Amino acid sequence: ELIKTTESTIAFGHLELSGFAMYRGMTAHDGEDPKIFEKFELVASGHYHTRSSNGNINYLGAPCEYTWSDFNDPRGFHVVDTDTRELTFIQNPITIFNKIFYEDDYLTLEEMMDFDTSAYKDTIVKVVVKSKNNPYWFDVFIDKLEASGTIDLQVVEDHMNLNLEDDQDIVDEAEDTLTILRKSVQSLNLKGVNMTKLEATI
């Protein structure tokens with residue numbers, strides 16, 4: 001009712017609208033109809049983490065990275081010109097998630113030792129192993145990364161397709177949490193427990 005009766009021409013909100021990207025590559029199919037806001041000259045919303053625009057509606061995205069879904073997707077804030085209704089994006093120069101594709105096919109030990117790890121201090125790092133011909137070199141590389149002061153360091157080398165370069169592709173190769181839980185329950189032989197009911201509960 002307020003939207004219908006207001007004389008305001010700009011609307012700010014924490015909206016959940018259908019048809020906009022929640023994260024890069026993930027579109028919201030549920031939510032309110034964007035047509036509700038068609039009377040406004042400018043609509044600016046938070047909530048969805050990635051930036052997108054359609055007509056008068058602008059999702060501003062998150063100001064910084066929170067999860068791996070935010071990786072390699074520019075974050076920041078906006079300045080709105082109340083005269084022109086233009087939005088100016090100011091990118092946040094600080095990122096917390098980093099990904100390194102490890103491949104020692106064409107490197108020497110000296111080149112690996114010269115690799116600058118200072119940029120990974122106070123960040124979360126995922127090392128995706130594409131080739132590891134010399135385990136000692138790899139250990140040296142990981143030790144150097146850890147010494148740089150990373151917050152968290154994860155090595156991914158057991159997924160099926162080591163040539164996958166998109167993080168979502170790597171995630172898709174893994175079993176989802178419910179599948180893992182169900183398999184774990186099925187592997188148990190608990191006396192007196194209705195396993196079918198337990199699995200249904202999960």
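The rules behind the values
Residues numbered from 1 in each chain as written. Predicted model: local features only at pLDDT ≥ 70, side-chain atom pairs only at ≥ 80, totals over all residues. Heavy atoms only, no water. Patch = residues over 30% accessible without salt bridge, like charges linked within 9 Å, V, L, I, M, F, W, Y side chains within 5 Å. Areas by Shrake-Rupley, 256 points an atom, 1.4 Å probe, with all protein chains shown as cover. Salt bridge = Lys/Arg side-chain N within 4 Å of Asp/Glu carboxyl O. Helix = DSSP H or I, 4+ residues; strand = E, 2+ residues; numbered from the N terminus. Buried < 20%, exposed > 50% of the residue type's maximum accessible area, 1.4 Å probe, protein only. Lys, Arg positive; Asp, Glu negative; His and termini not counted. Charge placed at Lys NZ, Arg CZ, Asp CG, Glu CD. Contact = heavy atoms within 4.5 Å. Pairing = 2+ DSSP bridges.

(A) Structural context of a nonpolar patch on the surface. Residues Phe-77, Val-79 and Ile-90 make up a contiguous nonpolar surface patch of about 260 Å² in total accessible area. You can see Ile-90 is positioned in strand 8 (residues 87–91). Assessed through its relative accessible area of 33%, Ile-90 is described here as partly exposed.

(B) Representation of a negative patch on the surface. Judged by side-chain charge, Glu-16, Asp-30, Glu-32, Asp-33 and Glu-38 come together as a negatively charged surface patch. You can see Asp-33 is positioned in the loop between strand 3 (26–27) and strand 4 (42–45).

(C) Looking closely at the pattern of salt bridges. Within this structure, the stated rule accounts for five salt bridges. A salt bridge links Arg-85 to Glu-41, with the nearest nitrogen and oxygen atoms 2.9 Å apart. With Arg-85 in the loop between strand 7 (76–80) and strand 8 and Glu-41 in the loop between strand 3 and strand 4, this pair connects stretches of sequence that are 44 residues apart. You can call Arg-85 partly exposed: its relative accessible area is 23%. Residue classification places Glu-41 among the partly exposed residues on the basis of a relative accessible area of 46%. Residues Asp-70 and Arg-75 are paired through a salt bridge, measuring 2.7 Å at the closest nitrogen-oxygen approach. Accessibility classification places Asp-70 together with Arg-75 in one group, the buried group. Through salt bridges that share partners, Asp-70, Asp-73 and Arg-75 make up one connected network.

(D) Here's a closer look at the environment of Glu-41. Between the alpha carbons of Glu-41 and Arg-85 there is a distance of 7.5 Å; along the sequence they are 44 residues apart. Beyond its immediate sequence surroundings of up to four residues, Glu-41 is in contact with Thr-9, Asn-56 and Arg-85.

(E) Region of interest: the pairing of strand 4. Of the two faces of strand 4, the one holding Leu-42 and Ala-44 and the one holding Val-43 and Ser-45 are both buried throughout. Across four bridges, strand 1 (residues 10–13) lies against strand 4 in parallel orientation. Of the residues in strand 4, the one forming a bridge with Phe-12 is Ala-44. Both strand 4 and strand 6 (residues 57–59) contribute to a ladder of three bridges, which runs parallel. Bridge pairing in strand 6 places Ser-45 opposite Tyr-59.

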